Amino acid sequence: MILDETDLDIMRATQAGLPLTPEPYQCVAEQLGLTTEVVMTRMIAMQEQGIIRRIGVIPNHYKLGYHFNGMTVWNIPDDVIDKLGEKVGQLEFVSHCYHRPRHLPEWPYNLFAMVHGKTREDVDQQIQHIARVLGDANLGCDVLYSTKILKKTGFRSRG
Amino acid sequence: MDDIDRHIINTLQAGFPVCDAPYQQVAMQLGLTEQALIERLQTLLDNGTLTRFGPLYHAELMGGALTLAAVKTPLDRFAEVTEIINAFPEVAHNYARNHALNMWFVIATETPEQIRHTLTAIEQKTGLAVVNMPKINEYFVGLKLEA
């Protein structure tokens, strides 16, 4: 997928958010000197190609009552991590799931899965569920809870 | 936040249409007026219930770079180190976590070179070793949190 300047202009104009006006795509088009048709066509194409993951809202977890946001981390043999990572990523309570590098000796974990719950018990059950999926491949794990949001901004890539 | 707000949040986590009058389309589906939907979204953004509304771009596919990094911050320096790290515009998120590695942050830049540059600058300014954990593979990103 090759993005051209028009795609990048649309990205720059919308990455902070969509205008809260009845015709938001027309509003973006006017800012950029494009037609509404071009803006909408490009945005639909970028969604189909995964450049736009989705259009929608991102709630603040805490404001919705999800006070327990755990980064679960697991030590998984490299030869099975892709197969198991896909399975863990498909669990409906996992918001992000990644393979990341170990930093031995202090950090033996290479599979990261973020889970969210309104109570500690909810999260504990989710962790047990992940552990069951991983089975014997789980060579060790830890859960890091966020104790404070120190900074949170939208991603800004200027393209 | 009332039931209507919850309904809006749950609906708009799944997606938002690309068409001439998308708020009107969603409002009809929710049994609201277009104006009411727009006003409620504005309020939910203003009071921090929503952190964002709009298209979420895949940073790496846009040519940008991301990494997750962590530092082991001495507790008596926590506020100072937070201030140093948060001052970098490249730092998008920063969370305190209950581990020896007690500060975890996401760096987002236009190029991979700038990631390395930012990591080095953070090490120099804080005097702390930064543990860099860029993703090797992504299995899933996305979630609906029931409001």
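Residues numbered from 1 in each chain as written. Chains lettered and ligands numbered in written order. Predicted model: local features only at pLDDT ≥ 70, side-chain atom pairs only at ≥ 80, totals over all residues.

### Regarding the overall build of chain B
Piece 1. Helix and strand counts for chain B come out as five helices and six strands.
Piece 2. Starting at the N terminus, the α and β elements of chain B follow one another as α-α-α-β-β-α-β-β-α-β-β.
Piece 3. Taken against the 2.2 N^0.38 rule, which gives 15 Å for 147 residues, the C-alpha radius of gyration of chain B at 19 Å runs more than 25% over that of a compact globule.
Piece 4. Principal-axis analysis of the C-alpha atoms places the extent of chain B at approximately 55 × 35 × 25 Å. (Helix = DSSP H or I, 4+ residues; strand = E, 2+ residues; numbered from the N terminus. Rg over C-alpha atoms; globule rule 2.2 N^0.38 Å.)

### Details of the interface of chain A and chain B
Interfaces are often described in size by the accessible area the parts lose on coming together.
Piece 1. Opposite the 65 residues of chain A that make contact, chain B presents 59 residues.
Piece 2. Broken down by secondary-structure element, the contributors of at least two residues to the side of chain A that touches chain B are helix 1 (5-14), helix 2 (24-32), helix 3 (36-48), strand 1 (52-59), helix 4 (81-89), strand 3 (94-99) and strand 5 (141-152) of chain A.
Piece 3. Among the elements that make up the side of chain A that touches chain B, the one with the highest residue count is strand 5 of chain A (nine residues).
Piece 4. Residues that form the side of chain A that touches chain B fall into these classes: 31 nonpolar, 22 polar and 12 charged.
Piece 5. Direction of pairing for strand 5 of chain A relative to strand 3 (residues 91-97) of chain B: antiparallel, over a ladder of five bridges. Directly across from Lys152 of chain A, in strand 3 of chain B, lies its bridge partner His93 of chain B. (Contact = placed C-beta atoms within 7 Å. Nonpolar A, V, L, I, M, F, W, Y, C, P; charged D, E, K, R; others polar. Pairing = 2+ DSSP bridges.)

### Focus: the environment of Cys141 of chain A
All names here are of chain A.
Piece 1. When you line up the elements, Cys141 lands in strand 5.
Piece 2. Residues Cys141 and Ile76 lie 65 residues apart in sequence; the distance between their C-alpha atoms is 9.2 Å.
Piece 3. Leave out the neighbours within four places in its chain, and Cys141 touches Thr72, Val73, Trp74 and Asn75.

### Section: the sheet that holds strand 4 (residues 103-109) of chain B
Piece 1. Strands sit in the order 5(B)-2(B)-4(B)-3(B)-5(A)-2(A)-4(A)-3(A)-6(B) across an open sheet of nine strands; the sheet is antiparallel. In this open sheet, the two edge strands, each paired with only one partner strand, are strand 5 (130-132) and strand 6 (137-141) of chain B. Neighbouring strand axes in the sheet, compared pairwise and without regard to direction, differ in orientation by 25° on average.
Piece 2. Those strands touched by helix 4 (residues 78-86) of chain B are strand 5 of chain A together with strand 2 (65-71), strand 3 and strand 4 of chain B, and its axis lies near 160° from that of strand 3 of chain B. (Axes fitted to C-alpha atoms, helices over the stretch in contact; angles between N-to-C directions.)

### Quick notes on the domain arrangement of chain A
Piece 1. Splitting chain A by domain gives domain 1 (5-48) and domain 2 (62-145).
Piece 2. A straight line from the C-alpha centre of domain 1 of chain A to that of domain 2 of chain A covers 36 Å. (Domains from an automatic or database assignment.)

### Some thoughts on the packing of helix 4 of chain A against helix 5 (residues 120-134) of chain A
Residue and element names in this part refer to chain A.
Piece 1. Orientation of helix 4 relative to helix 5, taken along the N-to-C sense of each, is 150°, at an axis distance of 10 Å. Between helix 4 and helix 5 the crossing geometry is right-handed. Residues Leu84, Lys87 and Val88 of helix 4 touch helix 5, and the partners they reach there are Ile130, Val133 and Leu134.
Piece 2. Classifying every residue of the contact of helix 4 with helix 5 gives five nonpolar, no polar and one charged. (Left-handed = near helix turned anticlockwise from the far one by under 90°.)

### What about the packing of helix 1 of chain A against helix 3 of chain A?
Residue and element names in this part refer to chain A.
Piece 1. Interaxial distance between helix 1 and helix 3 falls to 10 Å at its minimum, and their mutual angle equals 90°. If you check the angle between helix 1 and helix 3, you find them roughly perpendicular. For the pair helix 1 and helix 3, contact is made by Thr6, Asp7 and Ile10 and by Val38, Val39, Arg42, Met43 and Met46, respectively.
Piece 2. Looking at side-chain class alone, the contact of helix 1 with helix 3 contains five nonpolar, one polar and two charged residues. (Parallel < 35°, antiparallel > 145°, perpendicular 65-115°, else oblique.)

### Thoughts on the pairing of strand 3 of chain B
Residues and elements named next belong to chain B.
Piece 1. Strand direction decides the pairing type here: strand 3 and strand 4, joined by five bridges, are antiparallel. Counted as the bridge partner of Asn94 is Phe105 from strand 4.
Piece 2. Connecting the antiparallel pair strand 3 and strand 4 is a turn made up of five residues.

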